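Spelled out, the chains give:
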Amino acid sequence: MKSVTGKPSKFDAFVDKLKKESPIHIAKRMDAPKWLPWVVRVSAVIVAIFVCAIVCVGEGGSFGGFFTELFRASFSTGRRVVNLLQEIAILLLIALAVTPAFKMKFWNIGAEGQVLMGALMSVVCIKYLGTYVTNGSMSDGGLIFICLIAAIVGGAGWAVIPAIFKAKWNTNETLFTLMMNYIATGIVAFSIVAWVPAGSFTLGILPQGHLPNVGGYPYIINIIVVAILVVLVWVYLRFSKHGYEISVVGESVNTARYIGVSVPKVIIRTMLLSGMLCGVAGWLLVNGASFSITTETVGGRGFTAILVSWLGQFNPFAMVVVAFLVAFLTKGGSQLASTYNFGGSFPKIMTGIFFFIFIACEFFVNYKLKFNFEHLRKEKNQNECVADDVIDVQAEDDNKNNDATESNMDEEVTD
Amino acid sequence: MKKRILALVLCVALVAALSVGLVLGLAACNNNDDTLKVGLICLHDENSTYDLNFIDAMERARVELGFSKAQIVIKKNIPEGPECYDAAVELVEDGCDIIFADSFGHEDHIIRAAKEYKDVQFCHATGTKAHTENLANYHNAFASIYEGRYLAGVAAGLKLQEMGYGEGTTLGNAPKVGYVGAFPNAEVKSGYTSWFLGVRSIISGATMDVTFTSSWYDQVAEHTAAETLISAGCVLISQHADSMGAPNSCKEHSVPNVTYNVSTESSCSGTYIAGSRINWTPYYVYAIKALQNGEQIAADWTGTLATGSVELLEIGTAAAPGTKEKLDAVKAKLIDGTLHVFDLDTFTVGGVKLTSFPADIDSDAEYVHETAVDLSKGYIEESTLRSAPYFDLDIDGITLPQA
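Residues numbered from 1 in each chain as written. Chains lettered and ligands numbered in written order. Predicted model: local features only at pLDDT ≥ 70, side-chain atom pairs only at ≥ 80, totals over all residues.

1. Observations regarding the overall build of chain A
Okay, step 1: When helices and strands are counted, chain A shows 16 helices and 2 strands.
Okay, step 2: Among the 415 residues that make up chain A, the fraction classed as buried is 40%. (Helix = DSSP H or I, 4+ residues; strand = E, 2+ residues; numbered from the N terminus. Buried ≥ 20, exposed ≤ 12 C-beta atoms within 10 Å, placed from the backbone.)

Okay, structure coming up:
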């Protein structure tokens, strides 16, 4: 920041002084090996889990008990494994849904509302077509299929509105999609009150349109559907022409125009895809899990999924790992909370610690710290032998040399 | 002779050894079954006064039953969706023999689990479907909280009297009180009507304005609702919602307040008068003991003043003098059956005394008021046809928000 007059300002002087004298420097990693970021991230996960363990011990749990309960929550029975996979599946599907838009640098934070609208459309179908299943004029499978189509239309419709506004009038998609979430919640609340005029305004389990259990377990179909979609989305982004166009629009709108890509078309098409995937998530939530709807049906997953997508570097397979970690820690956290009778916020504290450390570690992926204690030692020397100029100069030279060797070493030594 | 004695001794020893072995073996096999395990599913956590009431009640029940802490498993922050069903299944897998849930919206998901795990008992508070589902292991419970609210209403009436209202006074006999309700459903309507009838048992000409916040917990909405009622001329406020919104608003405007579930004497001293709450401990003890003794748990269980399920909170320092004595007298009458909250002589609907009351007892998609409640005793028996309240009439003297 140069001052207006061109003379170095006090601030500049301060920055210069810091640069010269600070014992710690932050430097961008330029030529880090490919495996390094993953080493950093895996260590971050381990650190996060150990910090959670320390918090657990501090709350009155035991260290061994922490790990036993953490793993017991997700892996002790077949049923728990299925529950874990279901949680991963839904979170992952929503993360998959927001990813194409994010790659395009279209900041869609409206997944919560898009999933909710998909879910609502599915419930509308069950609510009004369910009687045809009961009287035998329609099969349950047929109803489930209609629900799927309606949910996809609902999710896509909710997503395409901000996309059209962005493409035609360049409105701010972040605010627009965020607002759409609240409208969707309002519409769901309104619908429930309309359907349930008495009682506690709770729409109970609807009797039709249930996806069947497989092998005695619920959620299996959800998990299979999402597993297939992970591969499809990966192929779409990586190998299709659409995927390429998304990347180009994300890199530079002007480049996209130059090579003849219609940017509004790509924006609308990609958001339609995002919305469709959100719709599928809504369908799975209704027909494959809750058989009902509340304003909390999505339960914030639309926002957590954004983190999953980002932390997975928009790579569907990396997102599987992140979604697993989030679901695993949430389940472990609530298991610990009930075993040790912790407060209800404990799972949130655990996921909070995880996200904090995992996001913070990106700093170490991109930057490194350089320590320069020589300089401090030099300052000490300076104070001791103020008169001796020769030594002082010598020390400064030494310092420079040290600096150079140290930074060379830093390039090689990894965290 | 010696041989005979030896044979006898050996036989006795063998039988003894066998029975010891059998007992030990059975004990080892039934290790999990002998120590009863109890699960509790809560909608929110201890930060919600509603859920805290259940969590505290379970702790008291645990102490009363002499259970260890490991015998009680509490799952908090379980939404009213498939998460509730999953939580119930996980509790079953953890060896729980009886599972309680605390929120109305948990009901269908608990029923789903109950159908799947027939040898585990599921007890759902505030639900309405146990008497129609006909599952041997699914039960509803509530309490005659309308009696508690009536008593709290009496305390409010005495306060109004102290403030100078009543027949022949300069302020007159027609003070207006206000009520912040959550939803216009039977539970809330039964609650505010009984409270209002309590007020009117002291100040016969009182009227009441009611508003609804459309949420069980919304600090801001409840605060605003109370403020609106106060500016509309209400001189005393009560509420059926779980936040501190209304009590705080009353404190700010120095308007007396009657609460539900928690006493606000510590934070709203000077405006807090009295309140009532449901104590779930008697139900927990009842259901767990029934299971221990191999008895069937009632499909619908209604706690009363007599079972200790309906409690009055502490009497506030702002309450009128003599409140405690009066409440004790009224409470005794309610318990011995000489006084009934919904006495047909104390209220009118549409200007006339009630001659018939069709109630919505059985849950169905159309919300038909299919059951004719017996009025021959001269009063409406609330919470007897099922445990959850069903009194949902709009009686005269209460002004509802314009639809």
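There is more to say after this.
2. Description of the overall build of chain B
Okay, step 1: Looking only at helices and strands, chain B features 12 helices and 15 strands.
Okay, step 2: Across the 403 residues that make up chain B, the buried fraction comes to 49%.
Okay, step 3: Partitioning the intrachain contacts of chain B with sequence separation of at least 6 by distance along the chain shows that 67% fall at a separation of at least 24. (Contact = placed C-beta atoms within 7 Å.)

3. Brief notes about the domain arrangement of chain B
Residues and elements named next belong to chain B.
Okay, step 1: In terms of domains, chain B is made up of domain 1 (33-125) and domain 2 (145-280 + 292-297 + 302-399).
Okay, step 2: Relative to domain 2, the C-alpha centre of domain 1 lies at a distance of 29 Å.
Okay, step 3: Each partner contributes residues to the interface: domain 1 has 10 residues there, and domain 2 has 10 residues.
Okay, step 4: With 5 residues, helix H3 (residues 49-65) is the single largest residue contributor to the side of domain 1 that touches domain 2. (Domains from an automatic or database assignment.)

4. Concerning helix H5 (residues 111-134) of chain A
Residues and elements named next belong to chain A.
Okay, step 1: The end-to-end C-alpha distance of H5 is 33 Å, a good match for the 34 Å that 24 residues give at a rise of 1.5 Å each.
Okay, step 2: Along H5, the sharpest change in direction is near 45 degrees and occurs at Tyr128.
Okay, step 3: Directly after H5, the chain includes Gly136, whose backbone phi takes a positive value near 90 degrees. (Expected span 1.5 Å × (residues − 1). Bend = angle between axes of the 7 residues up to and from the residue.)

5. Side note on the interface of chain B and chain A
Okay, step 1: Each side of the interface is counted separately: chain B has 26 residues, and chain A has 26 residues.
Okay, step 2: By residue number, the principal contributor to the side of chain B that touches chain A is helix H4 (residues 82-93) of chain B, which donates 5 residues.
Okay, step 3: When the residues that make up the side of chain B that touches chain A are grouped by side-chain class, the tally is 8 nonpolar, 5 polar and 13 charged. (Nonpolar A, V, L, I, M, F, W, Y, C, P; charged D, E, K, R; others polar.)

6. A look at the nonpolar core
Okay, step 1: If you look at the biggest cluster of nonpolar residues, it comprises 111 residues, and the most contacted ones within it are Ile41, Ala88, Ile99, Ala155 and Ile237 of chain B.
Okay, step 2: By residue number, the principal contributor to this core is helix H7 (residues 145-163) of chain B, which donates 10 residues.
Okay, step 3: Lining this core are residues from two domains, each supplying at least three of them: domain 1 (33-125) and domain 2 (145-280 + 292-297 + 302-399) of chain B.
Okay, step 4: Counting 105 residues, the second largest nonpolar core, distinct from the first, contains Ala48, Ile109, Cys147 and Met276 of chain A. (Core = buried A, V, L, I, M, F, W, Y, C linked by C-beta atoms within 7 Å.)

7. Some points on the sheet that holds strand E6 (residues 176-181) of chain B
Sheet strands line up and pair through hydrogen bonds in the backbone, either parallel or antiparallel.
Residues and elements named next belong to chain B.
Okay, step 1: Taken in spatial order, the 7 strands of this open sheet run E12-E10-E9-E8-E6-E7-E15, and their pairing is mixed. The open sheet terminates on both sides in strands that have one partner only, identified here as strand E12 (310-312) and strand E15 (398-399).
Okay, step 2: Inspection of the sheet shows E6 paired to strand E7 (residues 207-212) by 6 bridges, in the parallel sense. Considered in E7, the bridge of Val180 is made with Thr211.
Okay, step 3: Its contacts with the sheet put helix H10 (residues 245-253) on E6, strand E8 (237-240), strand E9 (257-260) and strand E10 (272-278), and the angle it makes with E9 is roughly 165 degrees. (Pairing = 2+ DSSP bridges. Axes fitted to C-alpha atoms, helices over the stretch in contact; angles between N-to-C directions.)

8. Observations regarding unusual backbone geometry
Okay, step 1: The backbone phi angle of Lys105 of chain A is positive, close to 60 degrees, even though this residue is not glycine.
Okay, step 2: Within the fold, Lys105 of chain A resides in the loop between helix H4 (78-103) and H5.
Okay, step 3: Positive phi outside glycine occurs at Asn77 of chain B, with the angle close to 55 degrees.
Okay, step 4: Mapped onto the fold, Asn77 of chain B is located in the loop between strand E2 (72-75) and H4.
Okay, step 5: The exposure class of Asn77 of chain B is buried, given the 22 C-beta atoms found within 10 Å.

9. A look at the packing of helix H6 (residues 140-169) of chain A against helix H7 (residues 173-195) of chain A
The description of two packed helices rests on the angle between their axes and on the distance between the axes.
Residues and elements named next belong to chain A.
Okay, step 1: Orientation of H6 relative to H7, taken along the N-to-C sense of each, is 150 degrees, at an axis distance of 10 Å. As summarised for this structure, H6 and H7 are arranged roughly antiparallel, according to the angle between their axes. Viewed along their axes, H6 and H7 form a crossing whose handedness is right-handed. Residue-level inspection shows Trp158, Ile161, Pro162, Phe165 and Lys166 of H6 in contact with H7, the latter providing Glu173, Phe176, Thr177, Met180 and Ala184. (Parallel < 35°, antiparallel > 145°, perpendicular 65-115°, else oblique. Left-handed = near helix turned anticlockwise from the far one by under 90°.)

10. A word on the pairing of E6 of chain B
Residues and elements named next belong to chain B.
Okay, step 1: Among the 6 residues that make up E6, 5 are buried, leaving the element largely enclosed by the rest of the structure.
Okay, step 2: Where E6 and E8 come together, 4 bridges link them in parallel fashion. Within the sheet, the bridge partner assigned to Tyr179 lies in E8 and is Ser238.

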